[in-house]
Amino acid sequence: EGIKYESEALMLIAQESRGFVRDAINILERVRFSGTIVSRTAVFRSLGYIDDASIIALMQSVIAKNPHKLFRLFT
């Protein structure tokens, strides 16, 4: 179908579906219709996971005791 994808994203879908083809197809369809490319970031967003960069930014804000930056992360 000419769908653009990242190999890492497909591996993440395979791991998340735990071998269940129907679950993998459901995840793939959700990601595919949410954007133009099936990427690692799109899969994380579709599954409700937080990416590493966001977690690092969150921890840096907490450690630096910067409530303004912390608030911006959640808006």
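Rules behind the numbers
- Residues numbered from 1 in each chain as written.
- Predicted model: local features only at pLDDT ≥ 70, side-chain atom pairs only at ≥ 80, totals over all residues.
- Heavy atoms only, no water.
- Helix = DSSP H or I, 4+ residues; strand = E, 2+ residues; numbered from the N terminus.
- Buried < 20%, exposed > 50% of the residue type's maximum accessible area, 1.4 Å probe, protein only.
- Contact = heavy atoms within 4.5 Å.
- Areas by Shrake-Rupley, 256 points an atom, 1.4 Å probe, with all protein chains shown as cover.
- Lys, Arg positive; Asp, Glu negative; His and termini not counted.
- Charge placed at Lys NZ, Arg CZ, Asp CG, Glu CD.
- Salt bridge = Lys/Arg side-chain N within 4 Å of Asp/Glu carboxyl O.

Draft legend 1. Structural context of the overall build of the chain. Helix and strand counts for the chain stand at five helices and two strands. Taken from N to C terminus, the helices and strands of the chain fall in the order β-α-α-β-α-α-α. For the chain, the spread of C-alpha atoms along the three principal axes comes to 45 × 25 × 20 Å. Taking all 75 residues of the chain together, the buried fraction comes to 19%. Within the chain, counting contacts between residues at least 6 apart in sequence, those at least 24 apart form 46% of the total. A total of about 5,900 Å² of accessible surface is found on the chain, and carbon and sulfur atoms cover 60% of it. With 10 positive and 8 negative side-chain charges, the chain shows a separation of 8 Å between the mean positions of the two kinds.

Draft legend 2. Representation of the pattern of salt bridges within the structure. Summed over the entire model, instances satisfying the criterion amount to three salt bridges. Salt-bridge contacts for Glu-8 lead to Arg-40; the nearest nitrogen and oxygen are separated by 3.1 Å. One end of the pair, Glu-8, is in helix α1 (residues 7–17); the other, Arg-40, is in helix α3 (residues 40–47), and 32 residues separate them in sequence. Owing to a relative accessible area of 24%, Arg-40 belongs among the partly exposed residues under this scheme. Overlapping salt bridges bring together Glu-8, Arg-40 and Asp-52 as one network.

Draft legend 3. Highlighting α3. If you check which residues of α3 are buried, you get Ala-42, Val-43 and Phe-44. Tucked inside the fold, the buried residues of α3 contact α1, α2 (21–32) and β2 (37–38). Gly-48 occupies a position one or two residues after α3 and carries a positive phi of about 85°.

Draft legend 4. Region of the structure containing the environment of Ala-57. By the secondary structure assignment, Ala-57 is in helix α4 (residues 52–63). Along the backbone, Ala-57 and Ser-7 are 50 residues apart, and their C-alpha atoms lie at a distance of 26 Å.

Draft legend 5. A look at the environment of Arg-45. With respect to the secondary-structure elements, Arg-45 resides in helix α3. Of the residues examined, Arg-45 reaches a relative accessible area of 59% and is grouped as exposed. Measuring from C-alpha to C-alpha, the distance between Arg-45 and Ser-61 comes to 22 Å, with 16 residues separating the pair along the chain.

From the geometry alone we can't say anything about function, so treat these as descriptive.
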